[in-house]
Amino acid sequence: MSELTLRIEKIKQGTVIDHIEPGKAIRVLNILGLDGQDGRLITVAINVQSKKLGGKKDIIKVESVFLDNEQLNQISLISPKCSISYIKNFKVSKKFILNIPDKFIGLFPCTNENCISNAEREPVMSEFMVISEKPVKLRCAYCSRILRF
Amino acid sequence: MSLERKDIISAKQFSREELEYILNWAIKIENDKGNYAKSMQGTIMATLFYEPSTRTRLSFESAMHRLGGTVIGFSSSSVSSVKKGETLADTIRTVAHYSDLIVLRHNNDGAATFAARCTEIPVINAGSGSGEHPTQSLLDLLTIQQECGKIDGLNIGLIGDLKFGRTVHSLTYLLANYDINLFLISPHSLKMQNRVMDYIQGKGNVKIKETTNFIEALPKLDVIYMTRIQKERFPDPEEYESVKDTFKFEKEYLDLLKPNAKIMHPLPRVNEISSQVDDSPHAIYFKQTYYGLMMRKAIIGLVMGVFK
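The rules behind each value
- Residues numbered from 1 in each chain as written.
- Chains lettered and ligands numbered in written order.
- Predicted model: local features only at pLDDT ≥ 70, side-chain atom pairs only at ≥ 80, totals over all residues.
- Heavy atoms only, no water.
- Pairing = 2+ DSSP bridges.
- Helix = DSSP H or I, 4+ residues; strand = E, 2+ residues; numbered from the N terminus.
- Right-handed = clockwise from strand over helix to strand, strands pointing away.
- Axes fitted to C-alpha atoms, helices over the stretch in contact; angles between N-to-C directions.
- Contact = heavy atoms within 4.5 Å.
- Phe/Tyr/Trp six-rings, centres within 6.5 Å; stacked < 30°, edge-to-face > 60°.
- Buried < 20%, exposed > 50% of the residue type's maximum accessible area, 1.4 Å probe, protein only.

### Side note on the pairing of strand β7 (residues 207-211) of chain B
All names here are of chain B.
Consideration 1: In the sheet, strand β6 (residues 181-185) pairs with β7 via five bridges, with the strands oriented parallel. Paired with N181 across the strands is K207, a residue of β7.
Consideration 2: Taken together, β6, helix α8 (residues 194-203) and β7 constitute a β-α-β crossover, and its handedness is right-handed.

This is the structure in structure tokens:
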């Protein structure tokens, strides 16, 4: 752990996403729209040893970013059960395990182009029920298509 | 048990107990037609058909008339405000004020689920996209039960387009409640979709055999359920040409069948069953339409809470 601490700089305020499933940190960064171009400090560790996951994990530390519900829901699809810590003045102000919600509404479109939820001008939002957490599988509430993550 | 005020959206919504209840009602009404001839008097059914239909729309309408009710609706989106760009949601909210139940056929998958969310009155799915056609599968089940004398223990073959055919999706969901051997016979590119396979395997009642060899399977089957293979479903036209006649039921195949085997088809048929087969006692696809009327009478009355 001490080696790891040496390599990952502390942040004054922002978010630490720990215990991300190994190899998925880049996808999480994509969800958050972070590519480093705005100059903020981002530290990413990929495939580091994890006692909790019994193998490897990824970690992301990002300064001056706090996550909204939509982002949390999206991350839960990629890596459910990762831990989120919000940092204020170098201290953890809030920490929680990210659980996948029962359903996703309006977050992303159904992959079935012919699904009614993709119909032009219909007043309908996409809706998916979570039918499996490991692996993550969602079922469209309208056309029943199953999405695997 | 009651189906009163319930939407009929998916074949997955029924338990075996409910299926037996519905089938029993269909037979009961048929055996005592006179007594039920005015049971829907004063009730209006709307048939909203955004896609072409002969049997489904006319059998629903005939069923309602035979039960003493009345029917409004359209048989093509080109003769309604849909042509002017009206959404499905707006059409449903409007028609719900003019009728007591809605029968909907729509080109989009999941349209019936969405329509049911737009109104308090019952919605019956009469076919939505390539997803489901639950009332067709209910009449198919009734046909099998009445013509074979049972459902459990049968060898049932579904043949043709199992990937996009909504009737075979719904029928498979219903058959998942029975102890049967299910033969899924199709070209490789039109195999049954994973979501349907997952469901039937999850139920654990059915023994499944997937094959592309139609002829080899025929002597084993009690029910041969043919479906249409549509050219437009194939990404490669050459592949269509190579399989289109492989899944056609020719007259000479009758010799391969078990003595009591039944040939079914949801219709319309194009060329997947030779017309020379029509007079065979094995062919019951026109009788299916008679069972369709029986079943739709039962569904209308049960959903409206009249039969209980």
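### Considerations on the sheet that holds strand β2 (residues 42-50) of chain A
One key point about sheets: their strands pair by backbone hydrogen bonds, in either a parallel or an antiparallel sense.
All names here are of chain A.
Consideration 1: Pairing within the open sheet is antiparallel, and its five strands lie in the order β2-β3-β1-β4-β5. Every interior strand has two partners, whereas the edge strands, β2 and β5 (91-97), have only one. Along the sheet, successive strands turn relative to each other by an average axial angle of 15°, direction set aside.
Consideration 2: Pairing between strand β4 (residues 83-88) and β5: six bridges, direction antiparallel. What sits directly across from K88, in β5, is K91.
Consideration 3: Along the sheet, helix α2 (residues 25-32) contacts β1 (14-20), β2 and β3 (55-63); its crossing angle with β2, the most-contacted strand, is approximately 150°.

### Remarks on the packing of aromatic side chains
Residues and elements named next belong to chain B.
Consideration 1: A complete count under the given rule lists 17 aromatic pairs over all chains for this structure.
Consideration 2: Here Y173 and Y199 contribute two aromatic rings whose centre-to-centre distance is 4.9 Å and whose plane-to-plane angle is 80°, an arrangement assigned as edge-to-face. You can see Y173 sitting in helix α7 (residues 166-175) and its partner Y199 sitting in helix α8, a full 26 residues away along the chain. For the pair formed by Y173 and Y199, the shared burial category is buried.

### Considering the pairing of β1 of chain A
Residue and element names in this part refer to chain A.
Consideration 1: Across the seven residues that make up β1, a large majority, seven, are buried.
Consideration 2: Bridge count for β1 against β3 is five bridges, and the pairing is antiparallel. Looking across to β3, one finds that T15 is bridged to V62.

Functional significance is not addressed by these values, which are geometric in nature.
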